[in-house]
Amino acid sequence: MTSRATDWGLAFLVGLLFASGVLTLFAGAPGDVWVFAVHGAGGFALGAVLSWKLRRVWPRVVRPEHWDRHTGAGLAALSLVVATLASGVGWSSGADVHAAGYGLLNWHFALGTVLTLTVGTHLVLRAKPIRRRDLAGRRQFLQAGAVAAGAYAVWWAQRPVSAWVGLRGAKRRFTGSYEAGSFAGNDFPATSWVADHPRPLSANHRLEVVGEVARPLRLRPADLDAGDELVATLDCTGGFYSRQHWRGVRIGRLLDRAGAKAAGRHLRVVSHTGYRWSFDTADAREFLLAVAVGGQPLSHEHGAPVRLVAPGRRGFQWVKWVERIELHEHPDDLAPASTVWSSFTAAGRGA
Ligand code: HEM
Ligand code: HEM
């Protein structure tokens, strides 16, 4: 590969890894395995192409007298790539490391994001334009194909090899999450997106069903125990999953009671803290509003009196302390922002 093809190949891979990394946060259904395949194989490909690059620049890296004012960004990119690759492979091999209160996977997200920005800076300072001959040619094509095929093979072999050498990584789910507290009632980890920590809700809590409905509802928690049941896996982007038996009321049943109108194609689930998430109503009909887990009433940390159970969606979308279900004509573009500001509302802070 020419030097420029190597450098632009690195740019492509870092972009691909950042994009697929962000997509992993939304991938939880079995059909989403490809996101993890692209991300894992992309990581191994980055390692391979980087070794090419290092053969070229290493003599300069080790001689400070050859450095110029742009070298710092290249060196920072190099350290971040090493740390991000190590944290990714460490996580998927089963390393259970915590630093400053955050687990390895959270560090990996943060490192991957800073890495993308740093490589972007290095690119702006150093990049040379790509020419036709950097892309054309049988040799380049074969090399790129070999890297892609080899990287995919390493990703594919990783689980069987981990199982063979007895690494915990072989037991992770396709999302990279490790099992915790399945079928143990409330006894599974409780996490909240950012920092929501409301006070326990009183017995006067009511759930409203409003928006594009013929008969708005206002329900007591006891009215929500309709005996609908679901076994579903809560898979947290923090890196654990827990399979549980949930009980409550199916959203479709509530919508029928409220006389949902056809115009309400989007369903918003709003928490007491202001946190909210939105779904296509057709999908959400199969979700559950749960009041009990494993036969126990939900505990406060798990969203008492009522939380959303959304199979195939990641844990942060399983809204806790639900206060309102709203039917809307249009999707909720501001929902992602609510995930940040809900921790600063009076209710979110527990005031
Ligand atoms: C994984 C991402 C990357 C890493 C870890 C990396 C690392 C490095 C390092 C350590 C150096 C030597 C220090 C310096 O002179 O700055 C360097 C040089 C350089 N990099 Fe990168 N780089 C990456 C991506 C890129 C990209 C995306 C481009 C442009 C598209 C690029 C273009 C260059 C150029 C032109 C040089 C100097 C030329 C040379 O000495 O041959 N690099 N890089
Ligand atoms: C752009 C820089 C990034 C690089 C170089 C990178 C690289 C890697 C590597 C090498 C792995 C191990 C894959 C395997 O062993 O199968 C990995 C795993 C993972 N990465 Fe990244 N990553 C980056 C960014 C991100 C971001 C931004 C996110 C999420 C926001 C993310 C989410 C994940 C997840 C969930 C796993 C675990 C997948 C599994 O266990 O199979 N990554 N990453």
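Residue positions are counted from 1 within each chain, in the order its sequence is given. Going through the entries in the order they are written, you letter the chains from A and number the ligands from 1. pLDDT decides what is reported in this predicted model: residues at 70 or higher carry local features, side-chain atom pairs at 80 or more are listed and counted, and totals for whole chains, interfaces and linings draw on all residues regardless. Only hydrogens and water are set aside when side-chain values are computed; all heavy atoms of the structure are taken into account.

**Let's talk about the pairing of strand S10 (residues 288-293)**
How we decide: Classification of residues uses two cut-offs on accessible area relative to the type maximum, computed with a 1.4 Å probe and protein chains only: under 20% is buried, over 50% is exposed, and between them is partly exposed. Strands here mean DSSP runs of E at least two residues long; helices mean DSSP runs of H or I at least four residues long; both are numbered from the N terminus. If DSSP finds at least two bridges between two strands, the strands pair.
Counting buried residues in S10 gives six out of six residues, a clear majority hidden from the surface. Of the strand pairs in this sheet, strand S7 (residues 240-250) and S10 are connected by five bridges, and their pairing is antiparallel. From the neighbouring strand, Val249 faces S10, where its bridge partner is Leu289. Relative to strand S12 (residues 307-309), S10 is paired through three bridges, and the arrangement is antiparallel. Directly across from Ala290, in S12, lies its bridge partner Arg307. Joining the antiparallel neighbours S10 and strand S11 (residues 296-297) is a turn of two residues, in which Gly294 adopts a positive phi near 55 degrees.

**Digging into the coordination of the iron atom of ligand 1**
For the record, the criterion: Distances up to 2.8 Å from the metal define which N, O and S atoms are donors, and 3.2 Å serves for Na, K and Ca; water is absent from the atom set, so sites may look incomplete. Every geometry call rests on angle ranges, with four donors termed tetrahedral when all angles are between 85 and 135 degrees, four termed square planar and six termed octahedral when opposite donors are over 155 degrees apart and all others are between 65 and 115, and everything else termed irregular.
The iron atom of ligand 1 binds to the protein through Lys53 (NZ) and His122 (NE2), with metal-donor distances spanning 1.8 to 2.0 Å. Coordination at the iron atom of ligand 1 is octahedral, judged from the six donor atoms that bind it and the angles of 84 to 179 degrees they form at the metal. Of the two residues, Lys53 sits in helix H2 (residues 33-61) while His122 sits in helix H4 (residues 104-126), which places them 69 residues apart along the sequence. Of the two residues, Lys53 and His122, both sit in the buried class.

**Focus: the coordination of the iron atom of ligand 2**
The coordination sphere of the iron atom of ligand 2, as far as protein atoms go, consists of His39 (NE2) and His108 (NE2), spread over 2.0 Å. Considering all six donor atoms around the iron atom of ligand 2, the spread of angles at the metal, 86 to 180 degrees, places the coordination shape in the octahedral class. Placement of the pair is His39 in helix H2 and His108 in helix H4, with a sequence separation of 69 residues. Taking the relative accessible area as the measure of exposure, His108 reaches 14% and is therefore buried.

**A few points about the site of ligand 2**
Note the threshold: Think of it this way: one heavy atom of a residue within 4 Å of a molecule or strand is enough to make that residue near it. We call two N or O atoms a polar contact when they sit within 3.5 Å, provided that within protein one can donate a hydrogen and the other can accept it, with sequence-adjacent residues counted only if both atoms are side-chain atoms.
Looking at ligand 2, there are 27 residues lining it, with His39, Ser92, His108, Gln158 and Arg172 nearest. Within the side chain of Ser92, an N or O atom sits 2.5 Å from an oxygen atom of ligand 2. Arg172 is positioned with one of its side-chain polar atoms (N or O) 2.8 Å from an oxygen atom of ligand 2. At the level of secondary structure, the elements contributing two or more residues to the shell around ligand 2 comprise helix H1 (3-24), H2, helix H3 (71-93), H4 and helix H6 (138-165).

So yeah, pure geometry; function would need other evidence.
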